Amino acid sequence: MNWELILFDLDGTLVDSRAGILHCTNSAFRALGLAPPEERQVARVVGLSLELALERLLPEGAEHRVVEVTKAYRDAAQEMRARPDFQEPLFPGVPSVLNQLSRPDVHLGIATGKNLRGLRNTLDRHGLTSLFSTLQTPDVAPSKPHPAMVERALAECGVGRRRCVMVGDSTFDMEMARNAGILAIGVSWGYHSPAELQAAGAAVIIDRPVDLPASLNELLEKMT
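Evaluated as defined, the whole model comprises 2 cavities of 30 Å³ or more. The volume enclosed by the largest cavity comes to roughly 70 Å³. Taken together, Phe8, Thr13, Leu14, Val94, Val97, Leu98, Val167, Val187, Trp189, Ile206, Pro209 and Leu212 form the lining of the largest cavity. Of the residues assigned to the lining of the largest cavity, the class counts are 11 nonpolar, 1 polar and no charged.

For the rest of this paragraph, the subject is the sheet that holds strand 5 (residues 183-187). The 6 strands lie next to each other as 3-2-1-4-5-6, forming an open sheet whose pairing is parallel. Every interior strand has two partners, whereas the edge strands, strand 3 (134-136) and strand 6 (204-206), have only one. Recorded for the sheet is a direction-independent mean angle of 25 degrees between the axes of neighbouring strands. As paired elements, strand 4 (residues 164-168) and strand 5 share 4 bridges and run parallel to each other. Its bridge partner lying in strand 5, valine 165 is registered against leucine 183. Sitting on the sheet, helix 7 (residues 148-157) is in contact with strand 1 (5-8), strand 2 (107-111), strand 3 and strand 4, with an inclination near 160 degrees to strand 3.

For the peptide bond that leads from lysine 144 to proline 145, omega is 10 degrees, which places it in the cis range. Along the polypeptide, proline 145 turns up in the loop between strand 3 and helix 7.

Of the two faces of strand 1, both are covered, the one formed by Leu5 and Leu7 as well as the one formed by Ile6 and Phe8. As paired elements, strand 1 and strand 2 share 4 bridges and run parallel to each other. Note that in strand 2 the partner of leucine 7 across the bridge is glycine 109. Strand direction decides the pairing type here: strand 1 and strand 4, joined by 4 bridges, are parallel. Across the sheet, leucine 5 pairs through a bridge with cysteine 164, a residue of strand 4.

Our next topic: the environment of proline 92. Tracing the backbone through its elements, the reader meets proline 92 in the loop between helix 4 (66-82) and helix 5 (94-101). Look at proline 92 and you get exposed, because its relative accessible area is 67%. Taking the C-alpha atoms as reference, proline 92 lies 36 Å from glutamate 68; in sequence the two are 24 residues apart.

The end-to-end C-alpha distance of helix 4 is 24 Å, a good match for the 24 Å that 17 residues give at a rise of 1.5 Å each. Those residues of helix 4 that are buried are in contact with helix 1 (18-31) and helix 3 (50-57).

In this section: the environment of lysine 144. In this fold, lysine 144 is placed in the loop between strand 3 and helix 7. Sequence separation of lysine 144 and threonine 171 is 27 residues, and the distance between their C-alpha atoms is 9.5 Å. Setting aside anything within four residues of it in sequence, one finds lysine 144 in contact with Asp9, Gly47, Leu48, Ala111, Thr112, Gly113, Met149, Met166, Phe172, Asp173 and Met176. In this structure the side chain of lysine 144 is engaged in a polar contact, spanning 2.8 Å, whose partner is the side chain of aspartate 9. Among the polar contacts made by the side chain of lysine 144, one reaches the main-chain carbonyl oxygen of alanine 111 at a distance of 2.8 Å.

Each value, and the rule that gives it
- Residues numbered from 1 in each chain as written.
- Predicted model: local features only at pLDDT ≥ 70, side-chain atom pairs only at ≥ 80, totals over all residues.
- Heavy atoms only, no water.
- 1 Å grid on protein atoms, 1.4 Å probe; cavity = no way out; pocket = protein on both sides within 12 Å on 5 of 7 lines; lining within 4 Å.
- Points joined across faces, edges and corners; volume = space filled by probe spheres on them.
- Nonpolar A, V, L, I, M, F, W, Y, C, P; charged D, E, K, R; others polar.
- Pairing = 2+ DSSP bridges.
- Helix = DSSP H or I, 4+ residues; strand = E, 2+ residues; numbered from the N terminus.
- Axes fitted to C-alpha atoms, helices over the stretch in contact; angles between N-to-C directions.
- Contact = heavy atoms within 4.5 Å.
- Buried < 20%, exposed > 50% of the residue type's maximum accessible area, 1.4 Å probe, protein only.
- Expected span 1.5 Å × (residues − 1).
- Polar contact = N/O pair within 3.5 Å; in protein donor to acceptor, adjacent residues only side chain to side chain.

Coordinates in, geometry out; function isn't part of it.
Structure, rendered in C-alpha cells:
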C-alpha cells in the first residue's frame, strides 16, 4: 500500500505568510476605524476561511461588519502583492520535499482557508502550480474543519480515504481530517502548538519539512 493523495494546508505549513496576514488584518481593521487584534488572536484563526476568521476577530457588537472588513483585507492583500519588494517565503526545505513526493502514482493537493485567487497567486509565484492535482478552497467548499474539502479532493483524484493523508499546522486541519475519516500529520512550525495538534487528532508531529517523507512511510508501516 502507498499514499495516493497527500493534502497540504498552505499558510503556516508550506508558506511563511505570518507577516503578510498580520499586515492585511491590521490594515483592514484600521480602514474601518477599529483597533487591530493582537497577533496571538490572529494566529488562532489562521486556517479558517477569511470571512469566518475575520468575524471571530471583530470586537463584540461589530460582527455585522464582516463583509466590510473582508473587502478591506482583500484590498490590502492585493496592494501588498503588487509591491516589488513583496515576499512570502516557503519554509526551508519545502520545495525539495514536494518534488520528492511528487510521483506519477501520488497526487499532491492543497486544502486551504485562502481563496482560489490568492492560492493560485502564491503557487504561481513559487513555481509550484504544476505539482498539485487538486486545489480546495472556501470558494467551493465550507471552511475547515468541515470535511468537504477533503471529500472533494478524494472524488477529484479517485482516491479512497485510507490512501489519503492531511499535512497541516492548525487544529482546524487535524479536525477536518478526522471529520473526513483520514489520517493527519501536524507540523510544529505553524500557528498552533504541537500539544494542540496532538489533542486535535494528529497521528504524528514533525519539526522540519524534511522529516515528512520518513513520517509518511512510518504511518504506512503502522497501517499494514
